[in-house]
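Coordinate analysis (summary)
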Amino acid sequence: YHDGNDGMSWHSDDEPELDPNSPIASLSLGATRKFNFRHRGDRTTVSVFLEGGSLLLMHPPTQAFWQHALMKSKVVHSPRFNLTFRKINN
């Protein structure tokens, strides 16, 4: 993500090739960014700020009940890198 103009819209990491019983790990590097979760049922939203060096773990069944998004921001002017680790079934 070059700066706050880049983001990721609401989604779940629920592709059929991903192991639904394994956690998903997301390592943030660079700029602090707002990361939101939204419940699929009642649309409750929870926000966290992911700082550089933070590790977010999404344990099952997070993907079944929640969507997530990286929010755009006009105040972020530096890049953010994200490494996401998922278990893929053969």
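Right above here is the structure, for reference.
1. Regarding the nonpolar core
Membership of the largest hydrophobic core is limited to seven residues, which are Ile24, Phe35, Phe37, Leu50, Leu56, Met58 and Leu70. Put simply, the parts of the chain that give this core at least two residues each are β3 (33-39) and β5 (55-58). Ignoring any residue separated from it by four or fewer positions in sequence, one finds Phe37 in contact with Trp10, Thr44, Thr45, Val46, Val48, Leu56, Met58, Thr62, Trp66, Gln67 and His68.

2. With respect to the sheet that holds strand β4 (residues 45-50)
One open sheet accounts for four strands, arranged β1-β6-β3-β4; its pairing is antiparallel. Across the chains shown, the open sheet's two edge strands, defined by having one partner strand only, are β1 (8-11) and β4. Direction aside, neighbouring strands of the sheet carry axes that sit 15 degrees apart on average. Examined bridge by bridge, β3 and strand β6 (residues 66-70) share five bridges and lie antiparallel to one another. By the bridge assignment, Asn36 is partnered in β6 with Ala69.

3. What to know about the packing of aromatic side chains
Inspection of every chain in the model, using the stated rule, returns one aromatic pair. Measuring from centroid to centroid gives 5.3 Å for Phe35 and Phe37, while their planes differ by 75 degrees, and the two rings are edge-to-face. Taking the relative accessible area as the measure of exposure, Phe35 reaches 7% and is therefore buried. Accessibility expressed as a relative area gives 12% for Phe37, which makes it buried.

4. A short note on the pattern of salt bridges
Applying the stated criterion across every chain, the model contains three salt bridges. We note a salt bridge from Arg86 to Asp13, for which the minimum N-O separation is 3.6 Å. Within this pair, whereas Arg86 is found in the segment after β7 (80-85), its partner Asp13 is found in the loop between β1 and β2 (24-30), the two being separated by 73 residues in sequence. For Arg86, a relative accessible area of 39% translates into the label partly exposed. With its nearest N and O atoms 3.4 Å apart, the salt bridge here joins Asp19 to Lys87. On the criterion of sequence distance, the pair formed by Asp19 in the loop between β1 and β2 and Lys87 in the segment after β7 is long-range, its members being 68 residues apart. When its relative accessible area of 14% is taken as the criterion, Asp19 is described as buried.

The rules behind the values
- Residues numbered from 1 in each chain as written.
- Predicted model: local features only at pLDDT ≥ 70, side-chain atom pairs only at ≥ 80, totals over all residues.
- Heavy atoms only, no water.
- Core = buried A, V, L, I, M, F, W, Y, C linked by side-chain atoms within 4.5 Å.
- Buried < 20%, exposed > 50% of the residue type's maximum accessible area, 1.4 Å probe, protein only.
- Helix = DSSP H or I, 4+ residues; strand = E, 2+ residues; numbered from the N terminus.
- Contact = heavy atoms within 4.5 Å.
- Pairing = 2+ DSSP bridges.
- Axes fitted to C-alpha atoms, helices over the stretch in contact; angles between N-to-C directions.
- Phe/Tyr/Trp six-rings, centres within 6.5 Å; stacked < 30°, edge-to-face > 60°.
- Salt bridge = Lys/Arg side-chain N within 4 Å of Asp/Glu carboxyl O.

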